[in-house]
Amino acid sequence: MICRKIFFLLLVLYIGFFHAQRRKKVDTVYVYEKVVVYDTVYLLKPIRFKFNDLQFPELKIEEKFFVRNIYKEEVEKERAKNRIRKQKSKIFEFGIEGGLGLKNSGWTKAVSAQKAQFGEHANIWLAKNIFSSQAFLMLCAGTAYWNSTFDLDANRDDTILNGFYFTKDSQPLLFQKFNNKHFEYFLQLKFLYEWKNIRPFAGILVNHNTYQMQFLVPENTILSKLDDFKNNQTNFGFALGVQYRFLRKFYLSLEYQQYHMKNVSLKNSTFNFDIFETNNTFAERKINFGISYAISGR
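Owing to the predicted nature of the structure, the values given are computational and were not obtained by experimental measurement. (Residues numbered from 1 in each chain as written. Predicted model: local features only at pLDDT ≥ 70, side-chain atom pairs only at ≥ 80, totals over all residues. Heavy atoms only, no water.)

This paragraph deals with unusual backbone geometry. Working note: non-glycine residues mostly have negative phi, and peptide bonds are mostly trans. The phi dihedral of Lys196 falls on the positive side, at around 55°, and the residue is not glycine. Checked against the element boundaries, Lys196 lands in the loop between β7 (182-193) and β8 (198-219). (Helix = DSSP H or I, 4+ residues; strand = E, 2+ residues; numbered from the N terminus.)

Rendered as structure tokens:
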């Protein structure tokens, strides 16, 4: 009986020990925190100190660096370039011009319903500044070609000029053809003043134009020879206008011209014939638009 009890007790102890070995182990972590506090104490203690004629050096403020003003530098550069261009402009400048124009002649009103005559012109010019860098004196010379606004042909139509005309010595002339297309040669002297790329001007002009008619003239007392009667005349007038410089060497111009034709007559080597007897003073007015290029200067 005692042996059974002892065996049973050992069995219980063995089972308990075996069961304890199979349970999970729990780790225990110990955290230690150490706090260190440092205290600093400042003590203010007045010190008695006697100043004996202390001298301090004078303070100087020196600029160690500067900021560049790019805009101001560009403005100064442009001003310098303009001054250089104006200094260079004290030499002679020359260039060329071409353009279009409209012309109104008072003496053609009787034979033409169209008032404006279309044409083209080309010229060369020479300029020199005077008094200041903004005032210029310009001399230009050129030619213009004016297209016809009417074409009178007695062989095809019954025109206002058809019929016989007589010279002062009573020689008969028979009208044949006439139109107002012609070449014109001109010379101008202008005074210009430049202000912000705008150059208004005024001047005087001299022009020479040629009109011609065709008549049948007598040859051996018979009207059988076709001959030209021309009006070669030099006229004086004035011009007003303005130029605009849109590039350094290019100019746009708008100009008004006016002059008077006096003692208009038709002549050839044999006859002296005047067909305009009512009024020998006629006004011609022109409006020209052109573009110029300065070859030298600027």
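Structure shown, so let's carry the discussion forward.
What follows deals with the packing of aromatic side chains. Here a ring pair, both rings aromatic, is described through the centre-centre distance and the interplanar angle of the planes. Considering all chains together, one arrives at nine aromatic pairs under this definition. Arranged with centres 4.9 Å apart and planes meeting at 55°, the rings of Tyr145 and Phe183 form a pair that is tilted. Of the two residues, Tyr145 is situated in strand β3 (residues 135-146) and Phe183 in strand β7; the sequence distance between them amounts to 38 residues. Seen in terms of ring centroids, Phe175 and Phe215 are 5.9 Å apart; in terms of plane orientation they differ by 75°. Their pairing is edge-to-face. Here the residue Phe175 occupies a position in strand β6 (residues 172-179), and Phe215 occupies one in strand β8, the gap between them amounting to 40 residues. Pair check on accessibility: Phe175 and Phe215 agree, each one buried. Here the aromatic cluster, defined as three or more aromatic residues joined through ring pairs, consists of Tyr165, Phe175, Phe215, Phe229 and Phe271. Across the ring face of Phe201, the terminal group of Lys190 is positioned such that the distance to the ring centre comes to 4.5 Å. Lying over the aromatic face of Phe136, Arg199 brings its terminal NZ or CZ to 5.1 Å of the ring centre. (Phe/Tyr/Trp six-rings, centres within 6.5 Å; stacked < 30°, edge-to-face > 60°. Buried < 20%, exposed > 50% of the residue type's maximum accessible area, 1.4 Å probe, protein only. Lys NZ or Arg CZ within 6 Å of the ring centre and 35° of its normal.)

We now examine the pattern of salt bridges. Evaluated as defined, the whole model comprises nine salt bridges. Notably, a salt bridge pairs Glu184 with Lys286, separated by 2.5 Å at the nearest N-O pair. Of this pair, Glu184 sits in strand β7 while Lys286 sits in strand β13 (residues 281-294); the two residues are 102 residues apart in sequence, bridging distant segments of the chain. The exposure class of Lys286 is buried, given its relative accessible area of 3%. Residue Arg245 pairs with Glu194 through a salt bridge whose shortest N-O separation is 2.9 Å. Within this pair, whereas Arg245 is found in strand β9 (residues 222-245), its partner Glu194 is found in the loop between β7 and β8, the two being separated by 51 residues in sequence. (Salt bridge = Lys/Arg side-chain N within 4 Å of Asp/Glu carboxyl O.)

Another aspect to go through is the side chain of Asn235. Here Asn235 lies in strand β9. For Asn235, a relative accessible area of 2% corresponds to the buried category. Apart from the residues lying within four places of it in its own chain, the contact partners of Asn235 are Leu205, Val206, Asn207, Asn209, Tyr259, His260, Met261 and Lys262. (Contact = heavy atoms within 4.5 Å.)

Here we take up the pairing of strand β2 (residues 117-129). By the alternation rule, side chains of β2 split into Gln117, Gly119, His121, Asn123, Trp125, Ala127 and Asn129, which are all buried, and Phe118, Glu120, Ala122, Ile124, Leu126 and Lys128, of which none is buried. Pairing geometry for strand β1 (residues 93-105) and β2, over eleven bridges, is antiparallel. Along β2, the bridge assignment pairs Gly101 with Gly119. The antiparallel hairpin formed by β2 and β3 contains five residues in its connecting segment, where Phe131 sits at a positive phi of about 65°. (Pairing = 2+ DSSP bridges.)

Moving on, we come to the pairing of β3. In terms of strand pairing, β2 meets β3 through eleven bridges, oriented antiparallel. Within β3, the position partnered with Ala127 by the bridge is Met138. Two elements, β3 and β7, share twelve bridges in a ladder whose sense is antiparallel. Bridge assignment links Met138 to a residue of β7, and that residue is Lys190.

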